[in-house]
Amino acid sequence: MEGKTAVGEKVFTTDQSRPERCRLAHSVPNPRETVVGALCWGFMMALSAWLALWCRETDAAFRLEAILTLYATGGLMAWPPALFAARCLSQNRTAETRFAAFFLCLAAATIGTTAFLFALDYRSFYAQWHAMTGTRTWLFQFAFTSLAAFYQFLVLGVRLYLPLGAVALMAASLLLARSDARQRR
């Protein structure tokens, strides 16, 4: 009797682990979708930043190329992990859940990646006034400079995603939620 339960437990545990592996395998986007989507998403984020700067008539023209490059690179790098995470979270779910997962993952990944790139640039500028690398003082300076850069981006940089970035986010989320439903059938 104990042998039958042990065999049954093994079968049950392997059946439980198999869907998890399949879920991860089915969440990986194909290369064409990744490359084309990343290029389009990066372009839309740069266009969104340009439109926001143009509408506000700011004096950022002297750094316009750097700003647009930052937003395009952030969007380009955010697309693949956001797509994978959203598909993993929303597999075999309703259309509303898929839309919410794509919306949340794309927004978080795009803002997070762009903020990270901004923090790297911010940190490289202020590094000339920091202590020697590897010291305790340098570690504090590194941490607090990076946190200040993230905060500054969240306060000042996120508004460059409005209004076009929000529209692009909703359209991309809707398109991806619908295309995922078609692929699963």
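This text goes with the structure placed above it.
None of the values given here were measured: they were computed from a predicted structure.

### Concerning the pattern of salt bridges
Inference 1: Here the structure, examined in full by the defined rule, presents one salt bridge.
Inference 2: A salt bridge links Arg-87 to Glu-33; the shortest N-O distance between them is 2.6 Å. Of this pair, Arg-87 sits in helix 3 (residues 64-90) while Glu-33 is found in helix 2 (residues 31-56), placing the two residues 54 residues apart along the sequence.
Inference 3: On the accessibility criterion, Glu-33 (17% relative accessible area) is buried.

### A closer look at the side chain of Ser-173
Inference 1: Looking at where Ser-173 falls in the secondary structure, it is placed in helix 6 (residues 164-184).
Inference 2: The residues contacting Ser-173, other than those within four sequence positions of it, are Phe-99, Phe-102, Phe-103 and Leu-106.

### Notes on helix 5 (residues 136-157)
Inference 1: With 22 residues, helix 5 should reach 32 Å at 1.5 Å per residue; the first-to-last C-alpha distance of 30 Å fits that figure.
Inference 2: Turning to helix 5, its buried residues number three or more, namely Trp-138, Thr-145, Ser-146, Ala-149, Phe-153 and Gly-157. In an axial view of helix 5, the angular spread of the buried residues amounts to 100°, which keeps them on one side of the axis. Exposed and facing more than 90 degrees away from the buried side of helix 5 are Arg-136, Leu-139, Phe-144, Leu-147 and Tyr-151.
Inference 3: Of the surrounding elements, those touching the buried residues of helix 5 are helix 3 and helix 4 (95-126).

Cut-offs and rules
- Residues numbered from 1 in each chain as written.
- Predicted model: local features only at pLDDT ≥ 70, side-chain atom pairs only at ≥ 80, totals over all residues.
- Heavy atoms only, no water.
- Salt bridge = Lys/Arg side-chain N within 4 Å of Asp/Glu carboxyl O.
- Helix = DSSP H or I, 4+ residues; strand = E, 2+ residues; numbered from the N terminus.
- Buried < 20%, exposed > 50% of the residue type's maximum accessible area, 1.4 Å probe, protein only.
- Contact = heavy atoms within 4.5 Å.
- Expected span 1.5 Å × (residues − 1).
- Arc of directions from axis to C-beta.

This is a description of form; function is not addressed.
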